[in-house]
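# Descriptive structure summary
So you can see what is in the structure, the chains are spelled out below.
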Amino acid sequence: MTDQHRHDTRLDRFVDSYSQRTEGMRVSAVRALFSVANRPEIVSLAGGMPNIKDLPLHHIADSLAAMIETNGTKVMQYGSGQGEGVLREQIVDVMALEGITAHPDDITITAGSQQGLDLVTRIFCDPGDVVLAESPSYVGALGTFLSYQCEVVHVPTDESGISPTALRETIERLRAQGKRIKFLYTIPNYNNPSGVTQPWERRLDVISVCESEGVLVVEDNPYGLLSLDADPIPAMRSADDNVIYLGSFSKTFAPGFRVGWVLAPHAVREKLVLAQESATLCPPVFSQYAIADYLTNNDWRGQIDIFKDMYRARRDAMLLALAEEMPEGTTWTRPAGGFFVWVTLPEGLDTQAMLPRGVDARVAYVPGPAFYADGQGARNARLSFCFPPPDRIKTGVRRFADVVRRELEV
Ligand code: PMP
């Protein structure tokens, strides 16, 4: 037996040993596109990376250097499983901008809101439990739910988000089938990928259906402060203290620190901290102090305004280019904030099958089925306007439209 052969058989045994949970794990469509989308000749309308080059980097560097100098042994030490008190207090002020009144004790800091999603799913869901989500919904959340072997059921949406009638019907249908629904996962502001925002009245209607049906609401709001047209609509959590709220500094500051948070009713918070301790002992301490330092020593609200001006110019460039370039029969959303436009192509087209032709034409996008757990979305594509500058967006949309036009000719 060769060494190679011995090695392979051992590997086979490991493969047999993987937990059933890993069967639910799938390659993120966005990550799979990364290497292609990063080629310089390609205009990537695929990724959702925030554009952080306008941050005051020198000022941040000086401030972090001073923090290490004066407080290094504290900020590089293990910390609290719930997260550092100083940052939890500042987060209360951040959430107040969206109408939320909260106590720092009810906040658990996480490694990005992605880890918040993981912890919430971990404490609520057993295999086979149902999670309700918008149609379409955030690919990273779907990945988390599936990795815990949940069944994701998409609730029909319209241009104002989740349809309350369809939500009630879905809940009743699933219950009649004997299914256990654990929560509704919703992104009411500038949904990723659809760009849709739920008006205030609709938020109240969704909360009221969930309340009367006894379904928990998990509100994911990383883009809330990136409103491009008007002041942000108050968060769902501002209307109901039982809503579990996920927040993040990834889009309002920088994603590399990996700091987000979960605001949850007290009893849930206790379970979240236990889950956090078993996952990581404590969320990243240095990152938390770096964010606390940034919030203290910078005009972070002014910086969000700078981000908003930049994203608004890109959103407008994309909407104008779509109006000028797209063939008849194509529709798209007009997001009032966030990073994404959701395009619906004419009947019969398939964005997944079209992607290699898009790459040949030097444009990348994310095909719609990535944002559904059940294979819907064949005619859809998510186009992001956050990263490329306006002239590149224009070029990208023109290339995308050319590919669509050629598909229609076949
Ligand atoms: N939720 C949504 C809707 C997102 O778009 C993202 C990031 N793309 C996340 C959560 C995760 O963000 P982070 O972990 O960086 O806070």
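Residues numbered from 1 in each chain as written. Predicted model: local features only at pLDDT ≥ 70, side-chain atom pairs only at ≥ 80, totals over all residues.

### Some remarks on the site of the ligand
Rules: Each residue gets a C-beta atom placed from its backbone. Should that atom fall within 6 Å of a molecule or strand, the residue is termed near it. Working definition: helices are DSSP H or I runs of at least four residues, strands are E runs of at least two. Numbering for both runs from the N terminus. The residue classification treats Ala, Val, Leu, Ile, Met, Phe, Trp, Tyr, Cys and Pro as nonpolar and Asp, Glu, Lys and Arg as charged. All others, Gly included, are polar.
Of all residues adjacent to the ligand, which total 14 residues, the nearest are Gly112, Ser113, Gln114, Ser248 and Ser250. When residues of the shell around the ligand are assigned to their parent elements, the largest contribution, three residues, is made by helix 5 (residues 112-124). Each residue belonging to the shell around the ligand can be placed in one class, and the counts come to four nonpolar, nine polar and one charged.

### Brief notes about the sheet that holds strand 15 (residues 380-384)
Hydrogen bonds along the backbone pair up the strands of a sheet, which may run parallel or antiparallel. The cut-off we apply is this: Strands were regarded as paired on the criterion that DSSP finds at least two bridges between them.
With antiparallel pairing, the four strands of this open sheet are ordered in space as 11-12-15-14. The sheet is open, and its two borders are formed by strand 11 (331-332) and strand 14 (366-367), each paired with just one other strand.

### Overview of the nonpolar core
The following threshold applies: Here, a nonpolar core means buried Ala, Val, Leu, Ile, Met, Phe, Trp, Tyr and Cys residues linked by C-beta atoms lying within 7 Å of one another. Exposure is read from a count of other C-beta atoms within 10 Å of each residue's own; the residue is exposed at 12 or fewer, buried at 20 or more and partly exposed in between. C-beta atoms are placed from the backbone. C-beta atoms are first placed from the backbone for all residues, and any pair lying within 7 Å is then listed as a contact.
Within the largest apolar cluster, 101 residues are counted, with the highest numbers of intra-cluster contacts made by Val131, Val217, Val218, Val262, Met318 and Tyr365. When neighbours within four sequence positions are excluded, Val131 is seen to be in contact with Cys125, Phe145, Cys150, Val152, Lys182, Phe183 and Tyr185.

### What about the UniProt feature "domain: Aminotransferase class I/classII large" (unreviewed entry) in the chain?
Short version of the rule: UniProt positions are given in the numbering used here, feature names are shortened, and annotations may be inferred rather than shown by experiment.
Feature annotation in UniProt assigns "domain: Aminotransferase class I/classII large" (unreviewed entry) to the following positions: residues 65-385. The distance from the first to the last C-alpha atom of residues 65-385 is 34 Å, and the span holds 42% helix and 17% strand.

### Some remarks on the pairing of strand 7 (residues 181-186)
Each regular strand shows side chains that alternate between the opposite faces of the sheet. Heads up, the rule is: With strands facing away from the observer, any crossover in which the path from the first strand over the helix to the second runs clockwise is taken as right-handed.
Burial analysis of strand 7 places six of its six residues in the buried class, the great majority of the element. Both strand 3 (residues 130-134) and strand 7 contribute to a ladder of four bridges, which runs parallel. Residue Leu132 lies in a different strand from strand 7, and its bridge partner there is Leu184. Two elements, strand 7 and strand 8 (residues 216-220), share four bridges in a ladder whose sense is parallel. Of the residues in strand 8, the one forming a bridge with Leu184 is Val217. Read from strand 7 through helix 8 (residues 200-213) to strand 8, the crossover connection turns out right-handed.

### What about the environment of Glu211?
Turning to its location among the elements, Glu211 is positioned in helix 8. For Glu211 and Asn242, which are 31 residues apart along the polypeptide, the C-alpha to C-alpha distance reads 9.3 Å.

### With respect to the sheet that holds strand 3
Threshold: Inter-axis angles, ranging from 0 to 180 degrees, are taken between N-to-C directions of lines fitted to C-alpha atoms, where helices are fitted over the stretch in contact.
Judged by pairing direction, the sheet is mixed, and its seven strands sit side by side in the order 2-10-9-8-7-3-4 without closing on themselves. Where the open sheet ends on each side, the last strands, each with one partner, are strand 2 (107-110) and strand 4 (151-155). Across the sheet, the mean angle from the axis of one strand to that of its neighbour is 20 degrees, orientation sign disregarded. By the bridge criterion, five bridges tie strand 3 to strand 4 in an arrangement that is parallel. Residue pairing across strands places Leu132 opposite Val153, the latter belonging to strand 4. Contacts from helix 4 (residues 85-96) reach strand 2, strand 9 (244-248) and strand 10 (260-263), with the element oriented near 105 degrees to strand 2. The strands touched by helix 6 (residues 139-147) are strand 3, strand 4, strand 7 and strand 8; relative to strand 4, the strand with the most contacts, the crossing angle is about 140 degrees.

### Thoughts on the pairing of strand 9
Summarising burial for strand 9: five of the five residues are buried, a large majority. Residue alternation in strand 9 divides its side chains into two sets, Ile244, Leu246 and Ser248 and Tyr245 and Gly247, and both sets are buried. As defined by bridge partners, strand 8 adjoins strand 9 across three bridges and the pair is classed as parallel. What sits directly across from Val218, in strand 9, is Ile244. Note: strand 9 against strand 10, four bridges, orientation antiparallel. When the sheet's bridge partners are listed, Gly247 is paired in strand 10 with Trp261.

### Points about unusual backbone geometry
The omega torsion across Ser135 and Pro136 is -5 degrees, close enough to zero to call that bond cis. The residue Pro136 is located in the loop between strand 3 and helix 6 in this model. Here Arg258, not a glycine, exhibits a phi torsion of approximately 55 degrees, which is positive. The topology assignment puts Arg258 in the loop between strand 9 and strand 10. Under the C-beta neighbour-count criterion, Arg258 is labelled partly exposed, with 19 such atoms within 10 Å.

### Focus on the environment of Phe340
Among the secondary structure elements, Phe340 is positioned in strand 12 (residues 340-344). In contact with Phe340, other than residues within four places in its own chain, are Asn192, Pro193, Gly195, Pro335, Arg382 and Ser384.

### Describing the packing of helix 11 (residues 300-325) against helix 13 (residues 390-409)
Using the following cut-off: Angular relationships are summarised with four words: roughly parallel below 35 degrees, roughly antiparallel beyond 145, roughly perpendicular across 65 to 115, and oblique for the angles in between. In a left-handed crossing the near helix is turned counterclockwise from the far helix by less than a right angle, and in a right-handed crossing that turn is clockwise.
Packing of helix 11 against helix 13 brings their axes to within 9 Å, and their N-to-C directions diverge by 30 degrees. Classified by the angle between their axes, helix 11 and helix 13 sit roughly parallel to one another. The handedness of the crossing between helix 11 and helix 13 is right-handed. Seen from helix 11, the contacting residues are Ala313, Arg314, Ala317, Met318, Ala321, Leu322 and Glu325; seen from helix 13, they are Pro390, Ile393, Lys394, Val397, Arg398 and Ala401. Of the residues in the contact of helix 11 with helix 13, the class split is nine nonpolar, no polar and four charged.

### Structural notes on helix 5
Convention followed: To estimate the expected span of a helix, subtract one from its residue number and multiply by 1.5 Å.
Taking 1.5 Å per residue, 13 residues should reach 18 Å; helix 5 reaches 19 Å between its end C-alpha atoms and fits that length. Buried residues in helix 5 make contact with strand 2, helix 6, strand 8, strand 9, strand 10 and helix 9 (266-280).

### Topic: helix 4
This is how the line gets drawn: Summarising the geometry, the arc corresponds to the directions from the helix axis toward the C-beta atoms.
Taking 1.5 Å as the rise per residue, helix 4 with 12 residues should run 16 Å; its terminal C-alpha atoms sit 17 Å apart, in good agreement. Turning to helix 4, its buried residues are Leu87, Arg88, Ile91 and Met95. Down the axis, helix 4 shows its buried residues gathered within 100 degrees of arc, on one side only. For helix 4, exposure combined with an orientation more than 90 degrees from the buried face picks out Asp93 and Ala96. Looking at the buried side of helix 4, the elements it contacts are strand 2, strand 9, strand 10 and helix 10 (285-297).

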